[in-house]
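# Commentary on secondary and tertiary structure
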Amino acid sequence: MSDISSTSSPLAPLFEAERQRFLASHPRSLALSTESQAHFLFGVPLHWMRDWPTPGTLFVQQAQGVQLTCADGHRYADFCLGDTGAMFGHSPAPVAEAIARQAAQGLTCMLPAVDTPAVGRMLSERFGLPVWQMAMTASDANRFVLRWARAVTQRPQLLVFDGCYHGAVDDTLVDRDPSTGQTLPRASVLGQVHNHAAYTRVIPFNDLAALEAALSDGQVAALLAEPALTNFGLVPPDAGFWPAAQALCRRHGTLLIMDETHTISTAPGGYAHAHRLEPDFLVMGKAIAGGLPCAVYGFSADMAQRMRAVKEQAPEGHSGIGTTLTANALTLAALAAALEHLHTPATYAHMLQQAEALEQGLMQRIRAHQRPWTVTRLGARMELQFMATTPRQADDVRQHGQPDWEAFTHLFMLNRGVLLTPFHSMMLCSPATQDSDVQRLLQVFDELLAVLPS
Ligand SMILES: Cc1ncc(COP(=O)(O)O)c(C=O)c1O
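### As for the domain arrangement of the protein chain
On domain assignment, one finds that the protein chain holds domain 1 (12-90 + 346-451) and domain 2 (93-341). Look at where the C-alpha atoms of domain 1 and domain 2 centre, and you get two points 27 Å apart. Listed as interface residues are 28 residues of domain 1 and, on the opposing side, 33 residues of domain 2. Between domain 1 and domain 2, a total of about 2,400 Å² is buried, with carbon and sulfur atoms accounting for 59% of that surface.

Here's what the structure looks like:
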């Protein structure tokens, strides 16, 4: 995230004050950061852990429920929740207990554990699709589903929405040239050699005419989409968009893959289930097993039949689908516990109630201060958007987004004990989020409004 303290932004002096505040109050994190530089690139085990707006890396001592404690002993109300990985709170008790139990009984065997049938049954009950496969991460699951989709349809093309993010999946790391509508490689992606324009098409979200045009030559194997764009701010679907889009996909023989890795926060069973959509594939990762690395993808009985057929017709050997540790015993135990205890109407009722209270509190304050901002909510997750109306497409975010204000808001809130998701201003409520956490965020938001220039 950008350092705006040395720019001409009106926020620059305020941002610099927040940077100094962080540096003065996090000596232990800064020392760990220096120490880690010796053997970790950028001083972190994953380079994007440096992409927070803090002048140094925040090191975590402990995370439990929604309370996160940093190396310097400061406590934070966590609304980032590992960018959804910890959506059910950090170390939810049933999952932590299942992991501890299984840890003494075998971690990985490359054979299915005995609770496999129960897990399959629960996936089917919770998410409404009858047949499932697993992966380690949502990126993997999306890659694997794309292979299946191209194999069963015998079509080469993939269709995605402008502003999409589906993980480290080469086919999807694309942008749309606004003047020609052509597919462009995403400029920030490193080591990119694929000719994306050959196999991936990109259209604006919420644009049924563009969807119809992209599907019309019968070459598109699948539309891979989140029900709402959640990685480009939060861009919700127009009313009626998905039923119409689904019908267009059906008409053109294109498979609909819904990536619900984030929108699983919408309601029990995710967005598609709650809105009675019938995707051909459903992908979920991150929070699905309560925070342990795990992803799943489900599909219809008809699709299962077609997948069996292509696999049986293929020569023996590598399918390009799967990794050795996928569905290991530890992961399966965590998934079983999460499905039984976390993916329930009761946990969601609490999450949604807290999210509604937070949305209302933020909107009241925005109106009272007459700020041209909005809050867009989808179930338990919401986005503070520094623009007057909810965006409909990625271009709206490009035109009206305010990265400086977002970066400042993040750092200001972090310095006062509230964590938002970096890269954009997402807040997620979990079953562990208490009224006091919501009040804490609102109180810090009041403080923010009091210092921001008009
Ligand atoms: C919608 C969506 N799909 C897939 C992924 C990839 O998840 P992972 O990084 O766990 O592979 C992400 C990550 O943010 C995501 O937002």
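### Let's talk about the packing of aromatic side chains
The geometry of two aromatic rings is summed up by the distance between their centres and the angle between their planes. Evaluation of the coordinates by the stated rule reveals 15 aromatic pairs. For the ring pair F241 and W242, a centre distance of 5.1 Å and an interplane angle of 70° mean the geometry is edge-to-face. What makes F241 buried here is its relative accessible area of 2%. Members of the aromatic cluster, joined through ring pairs, are F161, F205, F241 and W242.

### Considerations on the sheet that holds strand β4 (residues 131-135)
Strand order in the open sheet made by the 7 strands is β4-β12-β11-β10-β9-β5-β8, with mixed pairing throughout. The open sheet has two free edges, formed respectively by β4 and β8 (200-203), since each of these has just one partner strand. When the angles between neighbouring strand axes are averaged without regard to direction, this sheet yields 20°. The pairing of β4 with strand β12 (residues 295-299) spans 5 bridges and is antiparallel. Bridge pairing links W132 to G298 in β12. Seen against the sheet, helix α4 (residues 116-127) touches β4, β11 (281-284) and β12 and runs at an angle of roughly 110° to β4. Sitting on the sheet, helix α10 (residues 301-313) touches β4, β10 (255-259), β11 and β12, and the angle it makes with β12 is about 100°.

### Section: a nonpolar patch on the surface
On the surface, L46, W48, M49, Y165 and F423 cluster together into a nonpolar patch covering about 460 Å² of accessible area. Summarising the element assignment, Y165 is placed in the loop between β5 (157-161) and β6 (174-176).

### Digging into the side chain of D177
Mapped onto the elements of the fold, D177 is located in the loop between β6 and β7 (183-185). Despite being buried, D177 has no salt bridge partner; R176 is the closest side chain of opposite charge, sitting 7.4 Å away. Within the local environment of D177, its side chain forms a polar contact with the side chain of S179, the two groups lying 2.8 Å apart. Once residues within four sequence positions are removed from consideration, D177 is found in contact with Q182 and L184.

### Here we look at the pattern of salt bridges
In the structure shown here, the tally under the stated rule is 17 salt bridges. Notably, a salt bridge pairs D83 with K286, separated by 3.4 Å at the nearest N-O pair. Placement of D83 in the loop between β3 (75-78) and α3 (93-103) and of K286 in the loop between β11 and β12 is noted, with a sequence separation of 203 residues between them. Two residues, R150 and D171, come together in a salt bridge whose shortest N-O distance is 2.8 Å. Residue R150 is located in helix α5 (residues 138-153), and its partner D171 is located in the loop between β5 and β6; the two are separated by 21 residues in the primary sequence. Residue R150 is classed as partly exposed on the basis of its relative accessible area of 23%. Taken together, the salt bridges that share partners define one network made up of E18, R416 and E447.

### What to know about the sheet that holds strand β13 (residues 374-378)
Ordered by their spatial adjacency, 3 strands build an open sheet running β13-β14-β16, and the pairing between neighbours is antiparallel. Because the sheet does not close on itself, it has two edges, and the strands there are β13 and β16 (426-428). On average, adjacent strands in this sheet sit at an angle of 20° to one another, irrespective of strand direction. Judged from the 5 bridges that link them, β13 and strand β14 (residues 381-385) form a sheet pairing that is antiparallel. Bridging across to β14, V375 finds its partner in L384.

### Let's talk about the site of the ligand
Around the ligand, 13 residues are found, and the nearest of them are S139, N231, D259, H262 and K286. N231 has a polar side-chain atom sitting 2.9 Å from an oxygen atom of the ligand. Between the ligand and H262, the relevant distance is 3.2 Å, taken from an oxygen atom to a side-chain nitrogen or oxygen of the residue. The protein chains hide 88% of the 390 Å² of surface that the ligand would expose on its own. Tallying contributions element by element places α5 first for the shell around the ligand, with 3 residues. Residues that form the shell around the ligand fall into these classes: 2 nonpolar, 8 polar and 3 charged.

### Considerations on the packing of helix α14 (residues 403-414) against helix α15 (residues 435-451)
Where α14 contacts α15, the axes come no closer than 10 Å and their chain directions differ by 125°. Our classification of the angle between α14 and α15 gives oblique. Two packed elements cross with a definite hand, and for α14 against α15 that hand is right-handed. In this structure, α14 uses F408, T409, F412 and M413 to contact α15, whose residues at the interface are L441, V444, F445, E447, L448 and V451. Residue composition of the contact of α14 with α15, grouped by class: 8 nonpolar, 1 polar and 1 charged.

### Describing the environment of A309
Turning to its location among the elements, A309 is positioned in helix α10. Distance from A309 to R276, taken between C-alpha atoms, is 28 Å for residues 33 residues apart in sequence.

### Considerations on unusual backbone geometry
For F42, which is not glycine, the phi dihedral falls at a positive 60°. By secondary structure assignment, the location of F42 is in the loop between α2 (27-36) and β1 (60-64).

### Focus: the environment of D395
Here D395 shows up in helix α13 (residues 394-400). As for D395 and F232, which are separated by 163 residues in sequence, their C-alpha atoms are 9.7 Å apart. Excluding anything up to four places from it in sequence, D395 contacts D162 and P178.

Calculation rules
Residues numbered from 1 in each chain as written. Predicted model: local features only at pLDDT ≥ 70, side-chain atom pairs only at ≥ 80, totals over all residues. Heavy atoms only, no water. Domains from an automatic or database assignment. Contact = heavy atoms within 4.5 Å. Buried area = accessible area lost by both parts, 1.4 Å probe. Phe/Tyr/Trp six-rings, centres within 6.5 Å; stacked < 30°, edge-to-face > 60°. Buried < 20%, exposed > 50% of the residue type's maximum accessible area, 1.4 Å probe, protein only. Pairing = 2+ DSSP bridges. Helix = DSSP H or I, 4+ residues; strand = E, 2+ residues; numbered from the N terminus. Axes fitted to C-alpha atoms, helices over the stretch in contact; angles between N-to-C directions. Patch = residues over 30% accessible without salt bridge, like charges linked within 9 Å, V, L, I, M, F, W, Y side chains within 5 Å. Areas by Shrake-Rupley, 256 points an atom, 1.4 Å probe, with all protein chains shown as cover. Salt bridge = Lys/Arg side-chain N within 4 Å of Asp/Glu carboxyl O. Lys, Arg positive; Asp, Glu negative; His and termini not counted. Polar contact = N/O pair within 3.5 Å; in protein donor to acceptor, adjacent residues only side chain to side chain. Near = heavy atom within 4 Å. Nonpolar A, V, L, I, M, F, W, Y, C, P; charged D, E, K, R; others polar. Parallel < 35°, antiparallel > 145°, perpendicular 65-115°, else oblique. Left-handed = near helix turned anticlockwise from the far one by under 90°.

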